[in-house]
Amino acid sequence: MTSAQMEIQLIAALVAVACALPGTFLVLRKMAMISDAISHAILPGIVLGFFITQDLNSPLLILLAALTGVITVMLVEFIQRTGLVKEDTAIGLVFPALFSIGVIMIAKNANDVHLDVDAVLLGELAFAPFDRLLISGTDMGPKSLWVISMVLLVSVVLLFLFFKELKLSTFDKGLATTLGFSPVILHYGLMTVSSVTIVGAFDAVGAVLVVALIIAPAATAYLLTDDLKRMLLLSSVFGIIAAIGGYWLAHLLDASIAGSMTTVLGLLFLTAYLFAPKQGVFSGLFRERQQRVEVSLLIFLLHLQNHTEEEERHVNHLREHINWQKVRAKTVLELAAKNNLVRTQNNIVSLTEKGQEFTDEALKYITTNKVTAIEELKERFFLFRG
């Protein structure tokens, strides 16, 4: 592995972690797409900074771009508060307008300067190692590496200092206000950090990948945990996996690095979406199937309780009487027997003492309209375990 390859992967991994930290809070606050607005709307700030300094490497570009990002958020919220349009519409109105202003400024006044709109959008990590930071003739490494390292350091420090305040203002603004925290200040502080992160990252990786790195890792982690600290950690891990895995996928396919990283992010999210233990599609289908079986079991037990005649409790007659298919009837009968709720003798099914008690309690729960009846009964009678 060459030093350039290592530098590309390191820059991508640091960008991923830097984006994952504010991205987690944006996803939780249902403001994920504001990152897309910021990543496009900061272009006028960059152009204006260049007009003032005539230097593409000036820190003023980052400051003005971050300020433009905060202004974008303020404009979106101002339009939304009028009540005439919703937030997504406000975002769709603000960022194309600001981005277009930036494009016009470049086209009219900076045609001879390397301010490439395509590079701003797509980025090219492969070129990042060639833009070196030189101090007194000493090569300090890629400039992007130093920029994103400083951004990440600031984000981590602020996260440690204001974690409780951010957590409170994210989940309960009313409580945060009562305890003396200002949700408005914290909100704009988060937006400022997000703007600075996007500005620091998009020169190397482009606006599209920045948006993907802010949203996708956090959204994936959100499907796997409901603990904020764990979500922050998982978001960072998923971002690093996408950064390194995407680089080698691009190397293998001779394709775009940013595109490959975004593809890996999509695959990670799809995997969590399908297989997450609690919120995944397949786990949801399994729970629905299990609930159907449990309801069928309750119907079966109530039928046994209401019929004392042996012919009504014969295995074959039960199947005909309740109008179940053979497989379903067998499944329910085996489940009841496994949990010692019924016993079968000469194909005649009877409730056990435990089954009788369970059915009586179930009837009581149903008549009092308790939605969680089956779940509570399962815990009480130790059903369906192992």
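To keep things clear, this report deals only with the structure shown in the data block. Bear in mind the structure is a predicted one, so any value in this text is a computation, not a measurement.

Digging into the overall build of the chain
Next up, step 1: Looking only at helices and strands, one finds 16 helices and 4 strands in the chain.
Next up, step 2: Counting across all 386 residues of the chain, residues that qualify as buried make up 47%.
Next up, step 3: Taking as baseline every contact in the chain between residues at least 6 positions apart, the subset at least 24 positions apart corresponds to 64%.
Next up, step 4: Of the roughly 20700 Å² that the chain leaves accessible, carbon and sulfur atoms contribute 63%.

What about the packing of aromatic side chains?
Next up, step 1: Scanning the entire structure with this criterion turns up 3 aromatic pairs.
Next up, step 2: Residues Phe-269 and Tyr-273 carry aromatic rings whose centres are separated by 6.0 Å and whose planes lie at 20 degrees to one another, so their mutual orientation is stacked. Of this pair, Phe-269 and Tyr-273 both sit in helix α11 (residues 257-275), 4 residues apart, roughly one helical turn.
Next up, step 3: You can call Tyr-273 partly exposed: its relative accessible area is 42%.

Some thoughts on the layout of surface pockets
Next up, step 1: Here the second largest pocket is characterised by a volume of approximately 320 Å³.
Next up, step 2: Every residue lining the second largest pocket is counted, 15 residues in all, and those nearest its centre are Arg-29, Met-31, Glu-77, Lys-173 and His-187.
Next up, step 3: Of all the secondary structure elements, the ones that give two or more residues to the lining of the second largest pocket are α4 (59-81) and α9 (183-224).
Next up, step 4: Split by residue class, the lining of the second largest pocket holds 8 nonpolar, 3 polar and 4 charged.

Considerations on the packing of α11 against helix α12 (residues 281-306)
Next up, step 1: The contact between α11 and α12 brings their axes to 3 Å, and the two run at 5 degrees. As far as their axial angle goes, α12 and α11 are roughly parallel. Seen from α11, the contacting residues are Tyr-273, Leu-274 and Phe-275; seen from α12, they are Val-281, Phe-282 and Ser-283.
Next up, step 2: Per-class residue counts for the contact of α11 with α12 are 5 nonpolar, 1 polar and no charged.

What about the environment of Ile-71?
Next up, step 1: Tracing the sequence through the fold places Ile-71 in helix α4.
Next up, step 2: For the pair Ile-71 and Met-191, spaced 120 residues apart in the sequence, the C-alpha separation amounts to 9.7 Å.

Quick word on the nonpolar core
Next up, step 1: Residues Val-15, Ile-34, Leu-125, Val-205 and Val-210 are the most contacted members of the largest nonpolar core, which totals 73 residues.
Next up, step 2: Of all the elements in the fold, those that place two or more residues in this core are α1 (3-28), α2 (34-41), α4, α5 (87-109), α7 (143-171), α9, α10 (228-253) and α11.
Next up, step 3: The biggest single contributor to this core is α9, with 19 residues.
Next up, step 4: Among residues more than four places away in sequence, those in contact with Ile-34 are Leu-26, Val-73, Val-76, Ile-91 and Met-191.
Next up, step 5: Of all hydrophobic cores here, the second largest spans 17 residues; its members include Phe-300, Leu-302, Val-342 and Phe-358.

The rules behind these values
Here the residue index of a chain counts from 1 through its sequence in written order. Residues qualify for local features only when their pLDDT is at least 70, as the model is predicted, and side-chain atom pairs are given and counted only at 80 or more; totals for whole chains, interfaces and linings, by contrast, use all residues. Note: side-chain values were computed over all heavy atoms of the structure, leaving out hydrogens and water. Going along the chain from the N terminus, every DSSP run of H or I of four or more residues is numbered as a helix, and every run of E of two or more is numbered as a strand. Each residue is assigned to one of three classes by its accessible area relative to the maximum for its type, calculated with a 1.4 Å probe on protein chains only: buried under 20%, partly exposed between the two thresholds, exposed over 50%. Every residue pair with non-hydrogen atoms within 4.5 Å of one another is taken to be in contact. Shrake-Rupley sampling with a 1.4 Å probe provides the accessible areas, and residues are treated as covered by the protein chains on show and by no other component. When two rings of Phe, Tyr or Trp (its six-membered ring) have centres within 6.5 Å they constitute a pair, described as stacked for plane angles under 30 degrees, edge-to-face for angles over 60, and tilted for the intermediate range. Grid points spaced at 1 Å and placed over the protein atoms alone form the basis of the search, with a cavity being a set where a 1.4 Å probe fits but cannot get out and a pocket an open set showing protein on both sides within 12 Å along at least five of seven lines. Lining residues have an atom within 4 Å of a point. Grid points are joined across faces, edges and corners, and a volume is the space filled by probe spheres set on the points. Only Asp, Glu, Lys and Arg are considered charged, only Ala, Val, Leu, Ile, Met, Phe, Trp, Tyr, Cys and Pro nonpolar, and every remaining residue, Gly among them, polar. Here an angle of 0 to 180 degrees is reported between the N-to-C directions of two axes, which are lines fitted to C-alpha atoms, with helices fitted over the stretch in contact. Angles below 35 degrees are treated as roughly parallel, those above 145 as roughly antiparallel, those between 65 and 115 as roughly perpendicular, and all remaining angles as oblique. Throughout this description, the term nonpolar core refers to a set of buried Ala, Val, Leu, Ile, Met, Phe, Trp, Tyr and Cys residues connected via side-chain atoms within 4.5 Å.

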